[in-house]
Amino acid sequence: MTKIIDIDIKEKVYKSKNSNLSLLNDFRLEVNTGEKIAIVGKSGAGKTTLLNILGLLDRNYVGSYSLFGLNTNEMNLKMFAKLRNQRIGFVLQESALINSLTIEENIKLPFLYAKYKEKSDVNDFDTVIDDIGIKSIIKKKPLECSGGEKSRAVFARAIMMKPQVILCDEPTASLDGENKERIIALLSKMNSENNTTIITVTHDLEVANTHDRIIRLERRM
């Protein structure tokens, strides 16, 4: 199997006026292409922080990180942005939907950055929205949608470009049982059909147990 992620974090520090918070001390993780990894742990243990580092959204830490065989410590912000746009899909708790755009326009945003993509490298829009069950809301704007509908729209946007890695932060937290099963099934489908690597932060042990490995983070006092 090919190693897609090799990260060694010595320390991540959040500095405030009165104190410093240190997370992910001596944390090491290797992930092979096509693996499904669940990250669990109590609030404040650094789960979302880790996801931000893995997704090249946060580079302010002490350590080393190899992604897709590339040394990220030697990369600039432009290279980070290119990798995020082309090879990483994000399913974040913060929906990051643009309120002035319709749900359809939000989902299709990745197309603006990927004109080079072959048709075979892009999921069919109609198929994705049918599978996720959001066809009825695609002409609405985010403020007209429920939290669960927005969560599913974010998921649709994340998978449109068939990314090599999908990073999920509590992807089923605001969903009912039926739609939770939809998302779990779609992640499994992406993994089995495209060999997509899945990394999911979750408090839901049912979701965690659908992954190949479970990594538990502990906050050191």
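Look above for the structure.
Residues numbered from 1 in each chain as written. Predicted model: local features only at pLDDT ≥ 70, side-chain atom pairs only at ≥ 80, totals over all residues. Heavy atoms only, no water.

Asker: Is there a simple way to think about helix H1 (residues 47-54) in this case?
Answerer: An α-helical turn contains 3.6 residues, so a residue and the one three or four places further along point in the same direction. By the criterion of burial, H1 is predominantly enclosed, with 6 of the 8 residues buried. Those residues of H1 that fall on the buried side of the exposure criterion are Lys47, Thr49, Leu50, Leu51, Ile53 and Leu54. Downstream of H1 by a residue or two, leucine 56 has a phi angle that is positive, lying close to 65°. (Buried < 20%, exposed > 50% of the residue type's maximum accessible area, 1.4 Å probe, protein only. Helix = DSSP H or I, 4+ residues; strand = E, 2+ residues; numbered from the N terminus.)

Asker: Even after reading the chapter, I still don't get the pairing of strand S9 (residues 197-201), so can you show me in this structure?
Answerer: Of all the 5 residues making up S9, 5 are buried; the element is thus mostly covered by neighbouring parts of the structure. Residues of S9 alternate between two faces, with Thr197, Ile199 and Val201 on one and Ile198 and Thr200 on the opposite face, all of them buried. Note: strand S8 (residues 165-169) against S9, 5 bridges, orientation parallel. Across the sheet, isoleucine 166 pairs through a bridge with isoleucine 198, a residue of S9. Note that the unit made of S8, helix H6 (residues 177-194) and S9 has a crossover that is right-handed. (Pairing = 2+ DSSP bridges. Right-handed = clockwise from strand over helix to strand, strands pointing away.)

Asker: So what exactly am I meant to see when it comes to unusual backbone geometry here?
Answerer: Among all residues save glycine, negative phi is the norm, and among peptide bonds the norm is trans. Of note, aspartate 26 is a non-glycine position whose phi angle comes to about 55°, a positive value. A positive phi angle, near 50°, is found at glutamate 170, a position not held by glycine.

Asker: How should the side chain of aspartate 6 be read in this particular structure?
Answerer: Here aspartate 6 is to be found in strand S1 (residues 3-15). The exposure class of aspartate 6 is buried, given its relative accessible area of 19%. Side chain to side chain, aspartate 6 and lysine 3 meet in a polar contact 3.4 Å long. (Polar contact = N/O pair within 3.5 Å; in protein donor to acceptor, adjacent residues only side chain to side chain.)

Asker: Help me understand the nonpolar core, please; the structure alone is not making it clear to me.
Answerer: The nonpolar side chains of a soluble globular protein tend to be buried with one another. Among the nonpolar cores identified, the biggest contains 32 residues, and Ile5, Ile7, Phe27 and Ile199 are the most heavily contacted of them. Those residues in contact with phenylalanine 27, other than ones at most four positions away along the chain, are Ile7, Asp8, Ile9, Leu50, Ile215 and Leu217. By size, the runner-up hydrophobic cluster in this structure holds 29 residues, among which are Ile132, Met160, Leu186 and Leu187. (Core = buried A, V, L, I, M, F, W, Y, C linked by side-chain atoms within 4.5 Å. Contact = heavy atoms within 4.5 Å.)

Asker: What is the right way to look at the sheet that holds strand S10 (residues 213-217) in this model?
Answerer: Pairing between sheet strands relies on hydrogen bonds along the backbone, with the strands arranged either parallel or antiparallel. As summarised here, the arrangement of the 5 strands in space is S7-S8-S9-S4-S10, forming an open sheet in which the pairing is parallel. Here the strands that pair on one side only, and so sit at the sheet edges, are strand S7 (88-91) and S10. On average, adjacent strands in this sheet sit at an angle of 15° to one another, irrespective of strand direction. With 4 bridges joining them, S7 and S8 adopt parallel strand pairing. (Axes fitted to C-alpha atoms, helices over the stretch in contact; angles between N-to-C directions.)

Asker: I would appreciate a short explanation of the packing of aromatic side chains in the present structure.
Answerer: Geometry of an aromatic ring pair is reported as the spacing of the ring centres plus the angle between the planes. In the structure shown here, the tally under the stated rule is 0 aromatic pairs. Just above the ring of tyrosine 14 sits the side chain of lysine 12; from NZ or CZ to the centre is 4.8 Å. Just above the ring of phenylalanine 68 sits the side chain of arginine 87; from NZ or CZ to the centre is 4.0 Å. (Phe/Tyr/Trp six-rings, centres within 6.5 Å; stacked < 30°, edge-to-face > 60°. Lys NZ or Arg CZ within 6 Å of the ring centre and 35° of its normal.)

Asker: Would you take a moment to explain the environment of methionine 1 for this structure?
Answerer: Counting through the fold element by element, methionine 1 comes out in the segment before S1. The exposure class of methionine 1 is exposed, given its relative accessible area of 79%. When the C-alpha positions of methionine 1 and threonine 127 are compared, they lie 30 Å apart, and in sequence the two are 126 residues distant. Sequence-distant contacts of methionine 1, that is, excluding residues within four places in its chain, are made with Asn32, Thr33 and Glu35.

Asker: I keep staring at the side chain of lysine 12 and nothing clicks. Help me out?
Answerer: Relative to the assigned elements, lysine 12 resides in strand S1. A polar contact is formed between the side chain of lysine 12 and the side chain of aspartate 58, at a distance of 2.9 Å. Among residues more than four places away in sequence, those in contact with lysine 12 are Leu21, Ser22, Leu23, Thr49, Asp58, Asn60 and Tyr61.

Asker: What am I meant to see in H6 here?
Answerer: If you check H6, its first and last C-alpha atoms are 26 Å apart, about what 18 residues at 1.5 Å a residue would give, namely 26 Å. If you check which residues of H6 are buried, you get Asn179, Lys180, Ile183, Ile184, Leu186, Leu187, Met190 and Asn191. Buried residues in H6, looked at end-on, bunch into an arc of 160°, giving them a common side. Facing away from the buried side of H6 by more than 90 degrees, the exposed set consists of Glu178, Ser192 and Glu193. Turning to H6, the residues buried within the fold contact strand S4 (36-41), helix H4 (125-132), helix H5 (147-159), S8, S9 and helix H7 (205-208). Directly after H6, the chain includes asparagine 195, whose backbone phi takes a positive value near 60°. (Expected span 1.5 Å × (residues − 1). Arc of directions from axis to C-beta.)

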